[in-house]
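Given next are the chains, with one letter for each unit.
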Amino acid sequence: MEKYDQAIALFEKLKRREPVRDEVFHNLGISYGRKGNLAMAHYHSGIYFHRIGKVEKAGFHLRKAMELAQNNPALRERIKN
């Protein structure tokens, strides 16, 4: 349907409600990527892979998010934590 802004808004709300399903982070990664926000796409993909135990893939995505977030200190801080 390509309503990525609406999808992002919905998934951002869902990630603040416990328990959070792993798929929320996966879908956020895809949605941000489709919108061209690659730093946020890699960040959420990294969280998703970390949660499902794929440490190498998580590391790749989080390193890429850090690289792409050069002008976003708030995101860089979230990645470090």
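You'll find the structure just up there.
Residues numbered from 1 in each chain as written. Predicted model: local features only at pLDDT ≥ 70, side-chain atom pairs only at ≥ 80, totals over all residues. Heavy atoms only, no water.

## Digging into the overall build of the protein
Along the protein, the regular secondary structure elements total five helices and zero strands. Start at the N end of the protein and walk to the C end: the helices and strands fall as α-α-α-α-α. Relative to the globule expectation of 12 Å for 81 residues, the C-alpha radius of gyration of the protein, 12 Å, shows essentially globular dimensions. Dimensions of the protein along its principal axes, counting C-alpha atoms only, are 30 × 25 × 20 Å. Looking at the protein residue by residue over its 81 residues, the buried ones come to 38%. A fraction of 35% describes how many contacts in the protein between residues 6 or more apart in sequence connect residues 24 or more apart. Working note: accessible area of the protein is about 5,700 Å², and carbon and sulfur atoms make up 51% of it. Here the protein carries 16 positive and 9 negative side-chain charges, and the mean point of each set is 2 Å from the other. (Helix = DSSP H or I, 4+ residues; strand = E, 2+ residues; numbered from the N terminus. Rg over C-alpha atoms; globule rule 2.2 N^0.38 Å. Buried < 20%, exposed > 50% of the residue type's maximum accessible area, 1.4 Å probe, protein only. Contact = heavy atoms within 4.5 Å. Areas by Shrake-Rupley, 256 points an atom, 1.4 Å probe, with all protein chains shown as cover. Lys, Arg positive; Asp, Glu negative; His and termini not counted. Charge placed at Lys NZ, Arg CZ, Asp CG, Glu CD.)

## Structural notes on the nonpolar core
Leu-28, Tyr-32, Tyr-43, Leu-75 and Ile-79 are the most contacted members of the largest nonpolar core, which totals 21 residues. Put simply, the parts of the chain that give this core at least two residues each are α1 (4-14), α2 (22-34), α3 (38-51), α4 (55-68) and α5 (73-80). Residues in contact with Leu-75, not counting those within four places in the same chain, are Ala-39, Met-40, Tyr-43 and Ala-69. (Core = buried A, V, L, I, M, F, W, Y, C linked by side-chain atoms within 4.5 Å.)

## What about the pattern of salt bridges?
What the rule picks out here adds up to six salt bridges. The partner of Lys-64 in a salt bridge is Glu-67, and the shortest N-O contact between them spans 3.2 Å. With Lys-64 and Glu-67 both in helix α4 and three residues apart, the pair spans about one turn of that helix. Lys-64 sits in the partly exposed class, given a relative accessible area of 28%. Overlapping salt bridges bring together Glu-12, Lys-15 and Arg-16 as one network. (Salt bridge = Lys/Arg side-chain N within 4 Å of Asp/Glu carboxyl O.)

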